[in-house]
Amino acid sequence: IAVTGAFDPSRGAATRLKAIDPALTAFDNASAVIAASDVLHIASPPPLSHLGYLDQCARAGKAALCEKPLATDVDAATALVRALEAGSMRAAVNFPFVSSPAVDHLQRWMQDGTVGTPQRVDITMAFAAWPRPWQMDAIGWLDGPAEGGFLREVGSHLLFLTGRLLGPMLLIDGKATYPPDGRSERAVRARLRAGNVPVAVTGNAGTASQADHNTWTLTGSAGRVRLRDWLIAEREIDGAWRAQPGEISNDAARPVSLARQLDKIAAMTRGQPTNLATLDEALRVQTLVEAILRA
């Protein structure tokens, strides 16, 4: 994949992009960058803008990789997704777990008998504060209840992973707790089912020592495995969590996952099949997330 150029309505962002790569073409509007490209990465904040850009790409006959969530308006997202599917648009949503070596380990453990019959999934999220330190420039919308919050930003990835590995999810009940000043949620509790497997979700902001700590734990009849802090696959041995032999660090794993993801985006653009997250999968995750936040 070669970068054609980028568009950002913020003059400051455009200046920063040119500083990173002086040869980069900074387009003046979205239509120009869409016309010049074969595939678009829709990474515009806040999520309110995603549907419009997806529609523009579809009308121009271009492929697109969209950041999650598609939108916070489930009805609007549903209508557009169904229209884009009917038109066979080449589109996916950026859930990088599909390209993660750590998730490959989880799948092998599920297939080789290490886990046995899946019995339950526990998802935990904990943050020293929200937004996380590297996101403070976006605090205006990322800490607002309308489009921000950690369940949309982080929880959606873990829910996607659950649905991808264990089957369609159903929300049983959930609750989001908001601070008195009207910002995004500070605690989340939810119970779901993925196929026949119970799923428990717990999230808290402002109670952890780490900026970002999350776990996805699968308990089965033969053992337990988990994904820790995004990219570390571990299995429980004699009561202790142990990483896969030869496991690489998060810093080393990120470029591996990114390279695999880019290869799949190129394949999608050429019309080839991939395991990238579909628009429908992202819509199902979004529907669950918005239902929990409204509870």
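Note that this is a predicted model, so its numbers are computed, not measured.

Peer 1: Would you mind going over the side chain of glutamine 261 with me for this structure?
Peer 2: Within the secondary structure, glutamine 261 is located in helix α8 (residues 250–269). The exposure class assigned to glutamine 261 is buried, which follows from its relative accessible area of 3%. A polar contact of 2.9 Å, which involves the side chain of glutamine 261, links it to the side chain of asparagine 94. Apart from residues lying up to four places away in sequence, glutamine 261 is in contact with Asn94, Phe95, Pro96, Val98, Ser99 and Leu276.

Peer 1: Can you help me understand empty space enclosed by the protein in this one?
Peer 2: Empty space among the atoms becomes visible once a probe the size of a water molecule is rolled across them. Tallied over the entire structure, the rule returns 2 cavities of 30 Å³ or more. By volume, the largest cavity is sized at about 70 Å³. Lining the largest cavity are Lys68, Pro69, Leu70, Phe95, Arg152, Ser156, Ala282, Val285, Gln286, Val289 and Glu290. Residues that form the lining of the largest cavity fall into these classes: 6 nonpolar, 2 polar and 3 charged. Taken as a whole, the second largest cavity spans an internal volume of roughly 30 Å³. Lining of the second largest cavity is provided by Pro47, Pro69, Trp141, Leu142, Glu147, Gly148, Gly149, Arg152 and Glu153. Of all the elements in the fold, those that place two or more residues in the lining of the second largest cavity are α6 (139–142) and α7 (150–166). Looking at the lining of the second largest cavity residue by residue, the classes come out as 4 nonpolar, 2 polar and 3 charged.

Peer 1: Please explain the sheet that holds strand β4 (residues 118–127) as it appears in this structure.
Peer 2: Pairing between the strands of a sheet is mediated by backbone hydrogen bonds and can be parallel or antiparallel. As summarised here, the arrangement of the 8 strands in space is β5-β6-β7-β4-β8-β9-β10-β11, forming an open sheet in which the pairing is mixed. The strands lining the two open edges of the sheet, one partner per strand, are β5 (169–177) and β11 (240–243). Strand-to-strand, the axes of this sheet are offset by a mean angle of 20°, without reference to chain direction. Where β5 lies against strand β6 (residues 187–194), 8 bridges are found, and the strand directions are antiparallel. Paired with alanine 176 across the bridge in β6 is valine 188.

Peer 1: What's the story with the pairing of strand β9 (residues 224–228) in this structure? I'm lost.
Peer 2: Across a regular strand the side chains alternate sides, sitting on one face of the sheet and then on the other. Sheet topology note: the strand β8 (residues 213–220)/β9 ladder contains 5 bridges and is antiparallel. When the bridges of β9 are listed, threonine 219 appears paired with arginine 224. Remark: 3 residues form the turn of the hairpin made by β8 and β9, two consecutive strands paired antiparallel. Hairpin connection, β9 to strand β10 (residues 232–237): the antiparallel pair is bridged by 3 residues, and aspartate 229 has positive phi, about 50°.

Peer 1: Please clarify how the sheet that holds strand β3 (residues 91–93) should be interpreted in this entry.
Peer 2: Strand order in the open sheet made by the 3 strands is β1-β2-β3, with parallel pairing throughout. Whereas interior strands pair on both sides, the edge strands pair on one side only; in this sheet they are β1 (39–42) and β3. Taken over all neighbouring pairs, the strand axes of this sheet differ in orientation by 15° on average, direction set aside. Packed onto the sheet, helix α3 (residues 50–59) meets β1 and β2 (63–66) and runs at close to 175° relative to β1.

Peer 1: I'm lost on the packing of aromatic side chains in this one. Help?
Peer 2: Following the criterion strictly, the structure yields 5 aromatic pairs and no others. Ring geometry for tryptophan 130 versus phenylalanine 150: centroids 6.2 Å apart, planes at 70°, classification edge-to-face. Here tryptophan 130 is found in the loop between β4 and α6, whereas its partner phenylalanine 150 is found in helix α7, with 20 residues between them in sequence. Take tryptophan 130: its relative accessible area is 5%, and that puts it in the buried class. Among the aromatic residues, those joined into a cluster by ring pairs are Phe127, Trp130 and Phe150.

Rules of the game
Position numbers for residues start from 1 in each chain and track the written sequence from start to end. Local features in this predicted model are restricted to residues whose pLDDT is 70 or higher, and side-chain atom pairs enter the listing and the counts only when it is 80 or higher, whereas totals over whole chains, interfaces and linings include all residues. The side-chain numbers reported here are obtained from all heavy atoms of the structure, hydrogens and water having been left aside. Here a strand is any run of E in DSSP of at least two residues, a helix any run of H or I of at least four, and the numbering for each starts at the N terminus. Working definition: with a 1.4 Å probe on protein chains only, accessible area under 20% of the residue-type maximum means buried, over 50% means exposed, and in between means partly exposed. Throughout this description, a polar contact denotes any pair of N or O atoms lying within 3.5 Å of each other; where both atoms belong to protein, one of them has to be capable of donating a hydrogen while the other can accept it, and for residues adjacent in sequence the pair is counted only when both atoms sit in side chains. Residue contacts are counted whenever heavy atoms from the two residues lie within 4.5 Å of one another. The method works on a 1 Å grid over the protein atoms by themselves. A cavity is a set of points holding a 1.4 Å probe that cannot get out, a pocket is an open set with protein on both sides within 12 Å along at least five of seven lines, and residues with an atom within 4 Å of a point line them. Grid points are joined across faces, edges and corners, and a volume is the space filled by probe spheres set on the points. Under the grouping applied here, Gly and all other residues not named as nonpolar or charged are polar, the nonpolar ones being Ala, Val, Leu, Ile, Met, Phe, Trp, Tyr, Cys and Pro and the charged ones Asp, Glu, Lys and Arg. Pairing between strands is defined by DSSP: at least two bridges between them are needed. Every axis in this analysis is a line fitted to C-alpha atoms, fitted for helices over the stretch in contact. Angles between the N-to-C directions lie between 0 and 180 degrees. What counts as a ring pair is set by centres within 6.5 Å for rings of Phe, Tyr and Trp (its six-membered ring), and what kind of pair is set by the plane angle: stacked under 30 degrees, edge-to-face over 60, tilted for all other angles.

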